[in-house]
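Listed below are the residues making up each chain.
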Amino acid sequence: MRRAIRLMLLFARVSVQNFAAYRFDFVMRLIVSAMHLVGELVAVWTIFHNTKTLNGWQWQHMLVLVGVFRIIAGGIRMSIVPNMRRVLDDIHQGTLDFVLLRPVNSQWLVSIREFVIWRVSDVVLGAAVAMYGCVKLVGHVPLIQTLIFVAMLVAGFVIVYSVWLMLATLCFWFVRIQNIEMIFWNVFEAGRYPIVIYRPWVQWVLTFVLPLAFITTFPAGALIGDPHIGVPGTAPVYALLIATGSLLLSSWFWRFGLRHYSGASA
Amino acid sequence: MDPWSPVSFLRCRKAGRGLQWARFVLLSFERSLLRGRLQLSRRSAYDVPFDPVRDLSWRDDSAGATAKVTLSMPQIEIDDLSKTFSVAEREGGLRAAVRSVFRRRLRKVRAVDRVNFNVDTGEIVGFLGPNGAGKTTTLKMLAGLLHPTSGTARVMGHVPWRRESDYLRKISMLMGQRSQMQWDLPALDSFLVHGAVYDIGKEDYKRTLDELVELLDLGGVLKKQVRTLSLGERMKCEICVSLLHRPAVLFLDEPTIGVDITMQARIRQFIADYNRKHGATIILTSHYMADVTALCERIIIIDHGHILFDGPLGSLSERLAPFKVIKIDLDRELDGYDLASMGEVLSINHRKVELRVPKNQAAAVTSRLLTDLPVLDLTIEDPPIEDVISTVFKQPRASSDTSDDCISDDPGGTLK
Amino acid sequence: MRRVIRALLAYLRAHIGVMLHYRGEILLWSLWGIINPAVLYAMWSSAAAGSAGGTIAGLDVRGIAAYYFGIMIVGHLTASWDVHQMGYHVRSGNLSPQLLRPLLPMWKAVSENLAYKVTTLVFVVPMWGLFAWLVQPRFDMAAWQLCLGLVALVLAAVLNFILSYTVSLVAFWATKLDAMGEIYFGLGMFLGGRLAPLEALPPPLLMAAKVLPFRWIFSFPTELLMGKTPELAEALAGITIQLVWFGSVVVVFRFFWAAAVKHYTAVSG
C-alpha cells in the first residue's frame, strides 16, 4: 500500500519536473482555460439578464455550480484524462503489454502514470468562483458545509474516474473508436446546469443511471446548504454509496477486459 | 481445466455431483499420464537425459509446483502450447464496407499450434520464422501477456499467465517495434520510474545502472528526451531499462530491428557478454540472420505455428543442406566444359563459377576441377544459412492432424 | 471547373467509405450537436418559467423548443472543423503532399465535410425526430419561409465553411495556436445565437453579434426556418447579406491562401 502511494508520488514529481519543457504550450492552454471560465460566466450573465431563477437556482447558486463544474473539469483534465488517453493509445499501439509486464496492479499503474500539474489552476479558479458565490449568498463560507462539500467533490471525482475507466475498458472490444471519451463529455455537458431544469424522468436518469447529479449539482448543493433548490439532504450518503459501488464495478470491468485482452476464457 | 478448482466441481451439474466430479478428476489424471508417456518418444537434442521421476510423473498444472529445482530441471518447459485467434475480415470497396456494418465475418487463425520445447538456464535460443509464424505470440505467452488456448508452460516453476508478482520481477521483455519509455521525458526519468515500479533498492539500482551505462556506452544519452534520440541510442536505452531489475529470463522480440549495422554488432556483443556474465536465459526472435548466427547456439524454426526445427545451428545446415558451395575464378572461358555433371551449377558469370555439390563429393569434385581447369582462385563454403532456412519453409508439411513435424536432432529419430 | 467536380466526387466516395468504417467515432462526434441544444432548451424553458413574462426573447416554452430544434439542424448541417485541425496538419507536414496536387487542398476538406454530413444523416434524423416528439416544438412557418429557409441554410453552411477555413489559415504563421478553433467556436456560440436567441443577449453582446457574421450562420436560418421572420423582404434582405458576407470572405480567402502557401513553402514545404 505504501509502495503504491510512493509510486504515485514519483509519477507526479516526474511530470511536475518536466512541464517546464513546454512553457509556451502551458501559457496558451492557461489562456484557453481562462477563456472557458469567462465564457461560462458570460453565460450566467446572459441567463440572469432574462430571468430571476432557474427552478429555485439564482445567480449566486449558479456561480457556485459554475465553480464546481470548473473544479471537477480541472481535476478530470489534471489526472484522469491524460491517463485514460494513454491507456487508449497503449491499446491501439500494443504497448499495453508493457503495463501488464510490470509487477504492479495494472489498474493502479494506468491510473497514476500521467499528471498535468498546471490544470490545478482550473481547480483553484473554480474554487474561487464557488466561494464567491457562496459568500454572495450567505455572507461567509460555512465550515461544516465546506467539509461535506469537499467530501462530495471527492465522491464525485471517484464516480467520474470509474466512468472513465469503464469507457477505456470498452476499448478492448471497440478498438477502433478513438474518441470514446466523447461519450463522457457529451453527458458531462448536461451537468453545466442544475439537474432541476430537466424533466422528472431525465432527472431520475441523471441521478440513478448516469450519476451526473452527484458530480456537479449535489456537491454544489452541499456547499450552498439551501434545502429549497432540490438537493436532498441525504445526498452525501448516497454519494458515498454510489462512489464505492462504481469503483468496485469499474475495477471488476477492468479485470474482465484484461482477461479478454489476454485471451483467457471469460 | 483444473479438476481441483471449485468451479469444475460446480460445473458437474447432474445428480450425483460427487461421482461426476470424481470421474472428471480421474479422466484428467489419465490424460496427463498419457501425455507424459507420449513425451518420452519425442525428444529434441536439447532435452535432458531421461529422468524417470520427471518423465513418468504427470505434468498436471493443478498439482501445484511439484518442480524440484535441481540442475537437471529445464528452466522453461513448454508442452503442447497452442493459441488460436478470431480475426474479422472484410474486402475492400464501398459495398463491402456497408455490408460489414450488418454482418461480421470471423476467421480462426492458429497462431501457435502445439509447440513443445524446453530451455535450460543460461541458454540463448534463437527463434526464427517468417512474419506471422507465431514467434511473438509464443513469447507473449511465456511472458504472461496471453493466455494459451490449450497446453501448458512453466518458466522457473511459475505458470506465466497467472502473472504472479514474483514471476514478473524475474523476467523482462523487449519489443523492438515498440517503446516502453516515456516519449517526452529524459531516459533517466524512465529508468527512475522503472526502478520504483520494480521496487529496486537504491544501491542495487545505482550499481546496475552504472554497469549498464558503461557496457552500453550511454553516457551522454541519459539526460536527453527519448523523442530526440536516434534509433540506435533509443534501442540501447530500451535494453538498459529492461535489464535494470536483473531479470533471470529475457525475451527479446526483434531487438535490432531498424538499427544500423555497427550498432547491431554492438548490441549483439552486449547481449553475449551479459549472458556470459550474469547467466540470464535469453530467447531471441529476429529477422536478421546475423543476430542468430552470432548469438545463438540453438535455434528453433517456427512457421505457421509449428516448430520445424529445434537444434544447434550447425546441424541445421548439416541435416537439411548437406552441400558445399564451390566458387572458382578461372583464367579463361569455360569452352564447353561440362560442369553440370559435377554438380548443380548455381551461376556462371564470365569467368566466375559457383557450383553446389553434395558434401561427401566436395573433395573429389574440387580435385577434378583443379586438374581440369585453369583455376585462379577457389573457395569452398557452406551454403548461406538464409538459403537453408528458406528451404525449410518450402518443405511440404504433413497434415496438421499428426503431431508437429519436428526435425529433431536425435540420432535414430525419424526425419520428417 | 469540371476537373474540380470530378476530383470532388472521387474524394467524396473515398471519404464516405472512411466514415462508414469509423461510424462509431462519427456517431459520437455528432452527438454533441444533439445534446448541447437539448440541454440549452431545458435550461431556457426553466428560465422562462422564472422570468417576468414567462417568455425568453418573446418565445414561450414551445417556441424555445422550436428554436432549439432549428439550432440542432442548422448547427449540424453547417458544421465545420478545419479551424481546429489546420494547426495539426501544418505542423505534421500532412499538407505537403496535398500542395503538390493541381487542386486546392480546400476541395478535399469540402468533400470530407460533405461526406460527414451525408453519412451522419442516418443517425441524426431519428434523433431530431425523438427530440421533437419529446418537446413538442411549435411549427408555424409558412411554405415560403421553409423554402427560403433551406436556401439560407445552404448559404450558411457554405459561409461557415469558407469563413472557418480562412480563419484557420492563421495556423500557417502561428503554428502552435490551436486555440484559434476554440475562439472561433466560442464566438459562434455566444454571438451566433446558439447559446441564446439573439434578443436574449445583454446589450453589449447583442451589439457585437449584429456586426459579426455568425448570426447569419446560425441565428438567421433558424429563425427563418421556424417562422420567426414574418416579412418576405426581411428574409430576402437576410439572404442578400449572407451572399455579401460569402463574397467578401472568398476574396479574403484567395488573398490569404496565396500568402499562406508562400509562407509555408518558404519555411518548411
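The rules we used
- Going along each chain's sequence as written, the residues are numbered from 1 onward.
- A letter from A marks each chain and a number from 1 marks each ligand, given out in the order of writing.
- Selection of residues for local features in this predicted model requires a pLDDT of at least 70, selection of side-chain atom pairs for listing and counting requires 80 or more, and totals for whole chains, interfaces and linings are taken over all residues.
- We count a stretch as a helix when DSSP gives it H or I for four or more residues in a row; a strand needs E for two or more, and each element gets its number in order from the N terminus.
- As a reference, a globule follows 2.2 Å times the number of residues to the power 0.38, and the radius of gyration itself is taken over C-alpha atoms.
- Our exposure labels follow a C-beta count within 10 Å of each residue's own C-beta, placed from the backbone: buried means 20 or more other C-beta atoms, exposed means 12 or fewer, and partly exposed covers the counts in between.
- Placing C-beta atoms from the backbone, we regard two residues as in contact once those atoms come within 7 Å.
- In this analysis, strands are considered paired if DSSP registers two or more bridges between them.
- Residues are grouped as follows: Ala, Val, Leu, Ile, Met, Phe, Trp, Tyr, Cys and Pro are nonpolar; Asp, Glu, Lys and Arg are charged; every other residue, Gly included, is polar.
- To obtain an axis, a line is fitted to C-alpha atoms, over the contacting stretch when the element is a helix, and the angle between two such axes runs from 0 to 180 degrees between their N-to-C directions.
- Roughly parallel here means an angle under 35 degrees, roughly antiparallel means over 145, roughly perpendicular means 65 to 115, and every remaining angle is called oblique.
- In this scheme, a crossing is called left-handed if the near helix is turned counterclockwise away from the far one by less than a right angle; it is called right-handed if the turn is clockwise.
- Under the convention used throughout, the expected extent of a helix is 1.5 Å for every residue step, that is, one less than its residue count.
- The predictor attaches a confidence to each residue, called pLDDT, with possible values from 0 through 100.

### Considering the overall build of chain A
The helix and strand inventory of chain A stands at 11 helices and zero strands. In chain A, the succession of α and β elements from N to C terminus is α-α-α-α-α-α-α-α-α-α-α. The C-alpha atoms of chain A give 19 Å as radius of gyration, which agrees with the globular expectation for 266 residues (18 Å, within 12%). Expressed as a percentage of its 266 residues, the buried residues of chain A come to 40%.

### Points about the overall build of chain B
Looking only at helices and strands, chain B has 14 helices and 13 strands in total. For chain B, with 416 residues in total, the buried portion stands at 33%. Taking as baseline every contact in chain B between residues at least 6 positions apart, the subset at least 24 positions apart corresponds to 71%.

### Remarks on the pairing of strand β10 (residues 323-330) of chain B
It is a general feature of regular strands that their side chains alternate between the two faces of the sheet. All names here are of chain B. The buried fraction of β10 amounts to six of the eight residues, a majority that puts the element mostly inside the structure. Pairing of β10 with strand β13 (residues 375-381) involves six bridges; the strand directions are antiparallel. Note on β13: the bridge partner recorded for Ile 326 is Ile 380.

### Section: the interface of chain B and chain A
Often the size quoted for an interface is simply the accessible area lost on bringing the parts together. Taken together, the contact pairs 19 residues of chain B with 20 residues of chain A. Looking at the side of chain B that touches chain A element by element, the count peaks at four residues for helix α7 (residues 187-197) of chain B. Split into classes, the residues belonging to the side of chain B that touches chain A amount to 11 nonpolar, three polar and five charged.

### Things to note about helix α10 (residues 217-224) of chain A
All names here are of chain A. Most of α10 is tucked away, with eight of its eight residues classed as buried. If you follow the buried residues of α10, they end up packed against α3 (59-93), α6 (120-138), α7 (143-170) and α11 (235-261). Within two residues after α10, Gly 225 carries a phi angle of roughly 70°, on the positive side.

### With respect to the interface of chain C and chain A
Taken residue by residue, the interface counts 27 residues in chain C and 32 residues in chain A. Put simply, the parts of the chain that give the side of chain C that touches chain A at least two residues each are α2 (23-49) and α8 (179-191) of chain C.

### Quick notes on the pairing of strand β9 (residues 306-312) of chain B
All names here are of chain B. Counted residue by residue, β9 has six buried out of seven residues, so it is predominantly covered. In the sheet, strand β8 (residues 298-303) pairs with β9 via six bridges, with the strands oriented antiparallel. Looking at the pairing, Ile 301 lines up with Phe 309 of β9. Between the end of β8 and the start of β9, which pair antiparallel, lie two residues, with His 304 showing a positive phi angle near 50°.

### With respect to the packing of helix α4 (residues 82-92) of chain C against helix α7 (residues 143-168) of chain C
All names here are of chain C. Closest axis-to-axis distance for the α4/α7 pair is 8 Å, and the angle between their directions is 30°. Taken together, α4 and α7 sit at an angle that is classed as roughly parallel. The two elements α4 and α7 cross, and the hand of that crossing is right-handed. Along its contact with α4, which presents Asp 82, Val 83 and Met 86, the element α7 presents Ser 164, Tyr 165, Val 167 and Ser 168. Across the contact of α4 with α7, the residue classes tally to four nonpolar, two polar and one charged.

### Structural notes on the environment of Tyr 167 of chain B
Residues and elements named next belong to chain B. Turning to its location among the elements, Tyr 167 is positioned in helix α6 (residues 165-170). Each C-alpha atom of the pair Tyr 167 and Thr 138 lies 17 Å from the other, and the pair is 29 residues apart in sequence. Dropping the residues within four chain positions of it, Tyr 167 is found in contact with Gly 144, His 158 and Pro 160.

### Section: unusual backbone geometry
All names here are of chain B. One non-glycine residue, Arg 114, lies in positive phi territory at about 50°. The residue Arg 114 is located in strand β2 (residues 105-119) in this model. Judged by the 17 C-beta atoms lying within 10 Å of it, Arg 114 is partly exposed. The phi torsion at Asp 199 lies on the positive side, around 60°, for a residue other than glycine. The residue Asp 199 is located in the loop between α7 and α8 (202-216) in this model.

### So, helix α9 (residues 231-243) of chain B
Residues and elements named next belong to chain B. Along its 13 residues, α9 runs 18 Å from first to last C-alpha, staying within 8% of the 18 Å computed at 1.5 Å per residue. Burial within α9 is extensive, with 10 of its 13 residues counted as buried. For α9, the complete set of buried residues consists of Glu 233, Met 235, Lys 236, Cys 237, Glu 238, Ile 239, Cys 240, Val 241, Ser 242 and Leu 243. Turning to α9, the residues buried within the fold contact β5 (171-175), α7, α8 and α10 (261-278).

### As for the sheet that holds strand β12 (residues 352-358) of chain B
Consider a sheet: its strands pair through backbone hydrogen bonds, and that pairing is either parallel or antiparallel. All names here are of chain B. Ordered in space as β11-β12-β10-β13, the four strands form an open sheet in which the pairing is antiparallel. Sheet topology places β11 (344-349) and β13 at the edges, where each strand pairs with a single neighbour. Recorded for the sheet is a direction-independent mean angle of 15° between the axes of neighbouring strands. Judged from the five bridges that link them, β11 and β12 form a sheet pairing that is antiparallel. Bridge pairing in β12 places Ser 347 opposite Glu 354. Helix α13 (residues 359-372) contacts β10, β12 and β13 of the sheet and is inclined by roughly 15° relative to β10.

### Side note on the sheet that holds strand β7 (residues 281-285) of chain B
All names here are of chain B. The strand order β5-β6-β7-β3-β8-β9 describes an open sheet built from six strands, whose pairing is mixed. Edge positions in the sheet fall to β5 and β9, since each has one partner strand and no second. Each strand of the sheet is rotated relative to its neighbour by a mean of 15°, with strand direction disregarded. Each of β3 (124-128), β5, β6 (249-253), β7 and β8 is contacted by helix α5 (residues 135-143), which is oriented at about 150° to β6, the strand it contacts most.

### As for the confidence of the model for chain B
Residue and element names in this part refer to chain B. This prediction gives chain B a mean pLDDT of 77; 73% of its residues lie at or above 70. Overall, residues 35-70 carries pLDDT values under 50, and its contacts beyond four positions in sequence, including any with other chains, amount to 46 contacts. Per-residue pLDDT stays below 50 along residues 397-416; that stretch engages in 29 contacts with residues further than four places along the chain or on separate chains. Both confidence scores are given for the complex: pTM 0.80, ipTM 0.90.

### Topic: the environment of Cys 171 of chain A
Residue and element names in this part refer to chain A. Inspection of the secondary structure assignment puts Cys 171 in the loop between α7 and α8 (182-189). In this structure, the C-alpha to C-alpha distance between Cys 171 and His 92, residues 79 residues apart in sequence, is 8.8 Å. Leaving out residues up to four positions away in the same chain, Cys 171 has contacts with Leu 88, Ile 91, Ile 177 and Ile 180.

### So, the environment of Ile 47 of chain A
Residues and elements named next belong to chain A. Tracing the sequence through the fold places Ile 47 in helix α2 (residues 23-50). Taking the number of C-beta atoms within 10 Å as the measure of exposure, Ile 47 has 24 and is therefore buried. The sequence separation of Ile 47 and Tyr 261 amounts to 214 residues, and the corresponding C-alpha distance is 48 Å.

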